[in-house]
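Below are the chains, spelled out letter by letter.
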Amino acid sequence: MAAAPRTVLISGCSSGIGLELAVQLARDPRQRYKVVATMRDLGKKGPLEAAAGEALGQTLTVAQLDVCSDESVAQCLSSIQGEVDVLVNNAGVGLVGPLEGISTAAMQNVFDTNFFGTVRLVKAVLPAMKRRRQGHIVVVSSVMGLQGVVFNDIYAASKFALEGFFESLAIQLLQFNIFISLVEPGPVITEFEGKLLAQVSAAEFPGTDPETLCYFRDLYLPASRDLFRSVGQSPQDVVQAIVKVINSSRPPLRRQPNVRYSPLTMLKAVHPSGRLYVLSSHRLLFRWPRLLNLGLRCLACGCLRSQVSPDSPHP
Ligand SMILES: NC(=O)C1=CN([C@@H]2O[C@H](COP(=O)(O)OP(=O)(O)OC[C@H]3O[C@@H](n4cnc5c(N)ncnc54)[C@H](OP(=O)(O)O)[C@@H]3O)[C@@H](O)[C@H]2O)C=CC1
Ligand SMILES: CC1=C(/C=C/C(C)=C/C=C/C(C)=C/C=O)C(C)(C)CCC1
């Protein structure tokens, strides 16, 4: 007899990875999932519903959920029939630019969404998962949860915070048969990059000195654009990795879906002092832009691909 479908709650399904994941799970030919696809603004549900097609109302329901609001989280969870088996914390926002020109309110918004939004949702589902001694919490983290990237100080800090939080929680939760999986994508071609560029073009970064502004606009932004073009993944690629994690009998604590990006994360992994990664990032961006360009082309063609697979199982 086929197992009962698992209820999967996903945050941030109005676009990108969340939308793609909700649709793929809901359209599973074996109907293994009941998807609760959530978003903070239901006015944006059109693309999700169109992509879901016949799954809408069958294996997929759409619900309002703002991860920054206790009331919204409580209301959403109370509207769900049955229990959440798998929680996917996907909702997130980016922030890029010179630190001196970014307001504290903008920084707090990133932490409220990426970190406290996730913590809020986890706190709300945890009691039922513990009672049932069953559950899986998946988190869309980032390569920036593993290593800092110039001019992404606050965003990277929010993802590092998630990594520390969930690595700590994973130990306790094993005792309750609840698994944690941090999925760490590199650049993904979604609305994420466009939203960042829109933020940047509207921002003046007051209080930032001209030299720093020039590094940001003339060195970082073109390098970042080239990186998205050379090793950017489709949301479908990331979703494939998430689905694999969800279906694993021993879910991994960490999974990096982008092997073409892994030479960059290896720079930190092979030299725990951090010196190799910081120095080479600095040299590539500030001193050897031509080498950076060549390196990105090599990453794109796969000739620098690391043979090390970060896809190892839980302890
Ligand atoms: N794209 C990339 O290069 C990478 C992205 N990531 C991570 O992937 C995740 C998904 O991003 P991606 O699909 O790329 O980008 P999108 O911008 O397409 O999707 C982000 C989603 O998060 C939602 N969201 C933002 N704030 C809230 C909130 N307060 N409550 C509920 N939902 C919210 C957005 O909703 P709304 O439409 O209302 O704003 C949107 O649905 C994020 O956590 C991001 O950090 C990780 C690595 C790389
Ligand atoms: C590492 C690195 C760079 C940029 C990396 C970027 C821009 C990564 C973006 C990752 C994203 C978008 C993650 C989202 O969560 C530079 C500046 C090219 C210099 C060389 C080293």
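Residues numbered from 1 in each chain as written. Chains lettered and ligands numbered in written order. Predicted model: local features only at pLDDT ≥ 70, side-chain atom pairs only at ≥ 80, totals over all residues. Heavy atoms only, no water.

## Here we look at the domain arrangement of the protein chain
Thinking step 1. Annotation of the protein chain at the domain level lists domain 1 (6-258) and domain 2 (259-309).
Thinking step 2. Centre-to-centre, using C-alpha coordinates, domain 1 lies 25 Å away from domain 2.
Thinking step 3. Taken residue by residue, the interface counts 21 residues in domain 1 and 15 residues in domain 2.
Thinking step 4. Between domain 1 and domain 2, a total of about 1,600 Å² is buried, with carbon and sulfur atoms accounting for 63% of that surface.
Thinking step 5. At the surface where domain 1 touches domain 2, the tally comes to zero salt bridges.
Thinking step 6. Sorting elements by how many residues they give to the side of domain 1 that touches domain 2 places helix 7 (residues 210-231) first, with eight residues.
Thinking step 7. Of the residues assigned to the side of domain 1 that touches domain 2, the class counts are 13 nonpolar, seven polar and one charged. (Domains from an automatic or database assignment. Contact = heavy atoms within 4.5 Å. Buried area = accessible area lost by both parts, 1.4 Å probe. Salt bridge = Lys/Arg side-chain N within 4 Å of Asp/Glu carboxyl O. Helix = DSSP H or I, 4+ residues; strand = E, 2+ residues; numbered from the N terminus. Nonpolar A, V, L, I, M, F, W, Y, C, P; charged D, E, K, R; others polar.)

## Things to note about the pairing of strand 6 (residues 178-183)
Thinking step 1. Most of strand 6 sits out of view: six of its six residues are buried.
Thinking step 2. Neither face of strand 6 is left uncovered, since the one carrying I178, I180 and L182 and the one carrying F179, S181 and V183 both have all their residues buried.
Thinking step 3. Here strand 5 (residues 135-140) pairs with strand 6 via six bridges, running parallel. Across the sheet, residue G135 finds its bridge partner in strand 6, namely I178.
Thinking step 4. Handedness of the crossover joining strand 5 and strand 6 through helix 5 (residues 153-174) is recorded here as right-handed.
Thinking step 5. Two elements, strand 6 and strand 7 (residues 254-255), share two bridges in a ladder whose sense is parallel. Bridge pairing in strand 7 places L182 opposite R254. (Buried < 20%, exposed > 50% of the residue type's maximum accessible area, 1.4 Å probe, protein only. Pairing = 2+ DSSP bridges. Right-handed = clockwise from strand over helix to strand, strands pointing away.)

## Topic: the site of ligand 2
Thinking step 1. Around ligand 2, a shell composed of S142, M144, V149, Y155, Y220, A223, S224, L227, F228, Y261, Y277 and S281 is seen.
Thinking step 2. Here an oxygen atom of ligand 2 sits 2.6 Å away from a polar atom, N or O, in the side chain of S142.
Thinking step 3. At 2.6 Å, a side-chain N or O of Y155 approaches an oxygen atom of ligand 2.
Thinking step 4. Protein chains bury 95% of the 550 Å² of accessible surface belonging to ligand 2 in isolation.
Thinking step 5. If you list the elements that add at least two residues to the shell around ligand 2, you get helix 7 and helix 10 (275-287).
Thinking step 6. Ranked by the residues each element gives to the shell around ligand 2, the list is headed by helix 7, at five residues.
Thinking step 7. Class assignment for the residues of the shell around ligand 2 results in nine nonpolar, three polar and no charged. (Near = heavy atom within 4 Å. Polar contact = N/O pair within 3.5 Å; in protein donor to acceptor, adjacent residues only side chain to side chain. Areas by Shrake-Rupley, 256 points an atom, 1.4 Å probe, with all protein chains shown as cover.)

## Side note on the sheet that holds strand 7
Thinking step 1. Pairing is parallel in the open sheet, where seven strands are placed in the order 3-2-1-4-5-6-7. In this open sheet, the two edge strands, each paired with only one partner strand, are strand 3 (60-64) and strand 7.
Thinking step 2. As paired elements, strand 4 (residues 86-89) and strand 5 share four bridges and run parallel to each other. From the neighbouring strand, V86 faces strand 5, where its bridge partner is H136.
Thinking step 3. In the packing of helix 3 (residues 70-79) onto the sheet, contacts are made with strand 1 (6-10), strand 2 (33-39) and strand 3, and the angle to strand 3 comes to roughly 150 degrees.
Thinking step 4. Relative to the sheet, helix 4 (residues 104-132) contacts strand 1, strand 4, strand 5 and strand 6, its axis offset from that of strand 4 by approximately 175 degrees. (Axes fitted to C-alpha atoms, helices over the stretch in contact; angles between N-to-C directions.)

## Things to note about the site of ligand 1
Thinking step 1. Lining the immediate surroundings of ligand 1 are 31 residues, of which S14, S15, Y155, T190 and K195 lie closest.
Thinking step 2. Separating an oxygen atom of ligand 1 from a backbone N or O atom of I17 is a distance of 2.9 Å.
Thinking step 3. A total of 900 Å² of accessible area belongs to ligand 1 in isolation, and the protein chains cover 97% of it.
Thinking step 4. Taken together, the elements giving at least two residues each to the shell around ligand 1 come down to helix 1 (16-26), helix 5 and helix 6 (191-202).
Thinking step 5. With three residues, the single largest contributor to the shell around ligand 1 is helix 6.
Thinking step 6. A breakdown of the residues in the shell around ligand 1 according to their chemical character gives 14 nonpolar, eleven polar and six charged.

## Remarks on the side chain of S181
Thinking step 1. The topology assignment puts S181 in strand 6.
Thinking step 2. Judged by its relative accessible area of 1%, S181 falls in the buried class.
Thinking step 3. A distance of 2.8 Å separates the side chain of S181 from the backbone oxygen of P252, its partner in a polar contact.

## Points about helix 11 (residues 289-301)
Thinking step 1. With 13 residues, helix 11 extends 19 Å between its outermost C-alpha atoms, agreeing within 8% with the 18 Å of an ideal straight helix rising 1.5 Å per residue.
Thinking step 2. For helix 11, every residue scored as buried is listed here: L292, L296 and L299. On an axial view of helix 11, the arc spanned by its buried residues comes to 60 degrees, and they lie on one face. The exposed set on the far side of helix 11, more than 90 degrees from its buried face, consists of R290, R297 and C301.
Thinking step 3. Where the residues of helix 11 are buried, they touch helix 7, helix 9 (262-269) and helix 10. (Expected span 1.5 Å × (residues − 1). Arc of directions from axis to C-beta.)

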